[in-house]
Amino acid sequence: MIVAHRVEDVRAAERAALAALPAGTLMDRAAAALDVVCADVLRESTGAVAGRRAVVLAGAGDNGGDALLTAARLARRGVAVTALLTADRAHAPALATARRAGVRARAWRAGDESTCAAADLLLDGIVGIGGGGGLRPAHEGLSALDGPVVVAVDVPSGLDADTGAVTGEVLAADLTVTFGTARPAHLLAPAAGFCGRLLVADIGLADLPAPAVERVEPRDVAGRWRRPGPADDKYSRGVVGVVAGGPDYTGAAVLAVEAAVRAGAGMVRYLGPGHPTELVRHRRPEVVAGPGRVQAWVLGPGVSPEDPEQQERVRAALASGEPAVVDAGALAALPGTLGPQHVLTPHAGELARLLGVERAAVEADPLAAARRAHERTGATVLLKGSVTTVVGGGGRVLTAASAPDWLATAGAGDVLAGVLGAALAARPDEDPAVVAADAAVLHGWAATLASAGGPIAALDVAEAVPAALTSLPGWDGRP
Ligand SMILES: NC(=O)C1=CN([C@@H]2O[C@H](COP(=O)(O)OP(=O)(O)OC[C@H]3O[C@@H](n4cnc5c(N)ncnc54)[C@H](OP(=O)(O)O)[C@@H]3O)[C@@H](O)[C@H]2O)[C@@H](O)CC1
Ligand SMILES: [K+]
């Protein structure tokens, strides 16, 4: 997991660490980490470090201080460093150190975007956790910058570290180096899209409280995905009941069933009308058609709100109290009471309809929307997107970001529903929010494997699930 803490928690941990350390130690550690990353970036992108050109943007606060101390270290490596001071004041000791090391420092001037564009590396220390609300007007042009590799100090300037919402222009980074723990903006959409690759440098912060956001990584899934033991049978491994498809929508039934089978369900039952039942049986002869014992449900893929028989099956399954994935057609008519074992899996449009807001409002702040749906329904909410956001019982927030952009394709949601159904059936005693985030990560990982950089069909993703599981980092000691 990559964990993120709110700014007030980071500042409290920083105060505690500062009290126990000589002055300047934390900033020195931050700069040491940044220096190593910047040198690596220069080496990778240009083949050398000494003789390359870096521009360092330094604002008024400690974020600028981190950047100026890094500038000094890079200058000592032989990099030609120009520091552009973006505020009317700068961190004085760090500026003095930078100048002593040979950094050319001067105030930012109109048109300096071209100075930045001509560099090999741009280090963004305009503002960190003390900022937000977008870049200030004089620097807004940096949001359209094209050219150098951009490394952000702590957070890309213009972002508010505490939220995923983006309220102004941002200097997008290729790489963001943060300290001690991530910030919510690093892990939440849409802000995370401006951070590039995220590195969390250890600077010795301790005593952090429970995180505000957790990012589930493929390695975490390898450790948690339930594997059968010698004592298991098909029931103990989990029976998944699938209510999907209808007379007109047969593909969703096949995809959800295929995914549940591939994700390791002990048994899959399919409930639906004749035509999809035929197709499901043809594709997966191991599936049992008709009612019986079920440990977790997949409800709604390809189910029409106007299909009384399928909707009745959805209602009965939800009333049973068993864990359930509530997707697509099952989201249209939710009962009054749901629990955290019910995982709603809307995309932004479906969540907007559920909340009675515009889709754009959901996309602007996915976490806020998912949280509202959780508070309104009592269910765990998994909001699908390039970053998938899960809000579960107790308000726990998890995200997943393992999916390639190619996964935005018809039927992908049906496959996720099947994978998640299998996971809920196999892991009845675990927090459904964690199970849901794990399923989203595995789904994205399978898509990455199936895609290999190119287009994919949803069925390819379902078929790739077993190989994706065994290729997870950490599976059977994999690096
Ligand atoms: N915490 C830790 O563990 C560690 C923290 N460390 C570092 O300290 C950083 C936090 O430093 P900080 O508190 O000095 O705040 P910081 O982000 O530099 O902002 C300062 C000033 O910027 C201004 N400003 C505001 N909005 C703005 C905008 N949109 N665009 C432009 N400017 C804007 C505003 O001043 P104003 O211009 O309003 O007078 C504000 O007061 C942190 O991110 C990390 O890098 C590390 O050294 C080690 C460990
Ligand atoms: K920054």
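Residues numbered from 1 in each chain as written. Chains lettered and ligands numbered in written order. Predicted model: local features only at pLDDT ≥ 70, side-chain atom pairs only at ≥ 80, totals over all residues.

Comments concerning the domain arrangement of the protein chain
This is how it is decided: All domain edges in this entry derive from an automatic or database-based domain assignment. Here contacts are defined at the residue level, using C-beta atoms placed from the backbone and a cut-off of 7 Å between them. Asp, Glu, Lys and Arg are counted as charged, while Ala, Val, Leu, Ile, Met, Phe, Trp, Tyr, Cys and Pro are counted as nonpolar; the rest, among them Gly, fall into the polar class.
On domain assignment, one finds that the protein chain holds domain 1 (2–212) and domain 2 (218–477). Each side of the interface is counted separately: domain 1 has 7 residues, and domain 2 has 11 residues. Class assignment for the residues of the side of domain 1 that touches domain 2 results in 6 nonpolar, 1 polar and no charged.

Comments concerning the site of ligand 1
We apply this condition: We call a residue near a molecule or strand when its C-beta atom, built from the backbone, sits within 6 Å of it. Secondary structure follows DSSP: runs of H or I at least 4 residues long count as helices, runs of E at least 2 residues long count as strands, and numbering of each begins at the N terminus.
Around ligand 1 sit 31 residues, and of these G61, D62, G128, G130 and G131 come closest. Taken together, the elements giving at least two residues each to the shell around ligand 1 come down to α1 (7–19), α2 (25–46) and α3 (62–76). With 4 residues, the top contributor of residues to the shell around ligand 1 is α3. Residues that form the shell around ligand 1 fall into these classes: 14 nonpolar, 11 polar and 6 charged.

Overview of unusual backbone geometry
The test is simple: Counting other C-beta atoms within 10 Å of a residue's own tells you its class, since 20 or more makes it buried, 12 or fewer makes it exposed, and anything in between is partly exposed; those C-beta atoms are placed from the backbone.
P190 follows A189 through a cis peptide bond whose omega is -5 degrees. Turning to its location among the elements, P190 is positioned in the loop between α6 (184–187) and β8 (197–201). Non-glycine residue D207 carries a positive phi angle of around 60 degrees. Along the chain, the position of D207 falls in the loop between β8 and β9 (213–215). On the basis of neighbour counts, which here come to 9 C-beta atoms within 10 Å, the residue D207 falls in the exposed class.

Observations regarding helix α15 (residues 412–426)
What sets the pattern is the α-helix's 3.6 residues per turn: residues three or four places apart point alike. The cut-off we apply is this: Expected span of a helix, by definition, is 1.5 Å for each gap between consecutive residues, and there is one gap fewer than residues.
Given a rise of 1.5 Å per residue, 15 residues ought to cover 21 Å, and the 22 Å separating the end C-alpha atoms of α15 matches this to within 8%. Burial runs high along α15: 15 of the 15 residues are buried.

Description of the sheet that holds strand β4 (residues 104–107)
Stated precisely, the cut-off is as follows: In short, DSSP must find at least two bridges between two strands for them to pair. Axes here mean lines fitted to C-alpha atoms, for a helix over just the part in contact, with angles spanning 0 to 180 degrees between N-to-C directions.
Strand order in the open sheet made by the 7 strands is β4-β3-β2-β5-β6-β7-β8, with parallel pairing throughout. Bordering the open sheet on either side are β4 and β8, each of which pairs with just one other strand. Shown here is a sheet whose adjacent strand axes are inclined to one another by a mean of 20 degrees, direction ignored. Of the strand pairs in this sheet, strand β7 (residues 175–179) and β8 are connected by 5 bridges, and their pairing is parallel. In the sheet register, V177 faces β8, and the bridge partner there is L199.

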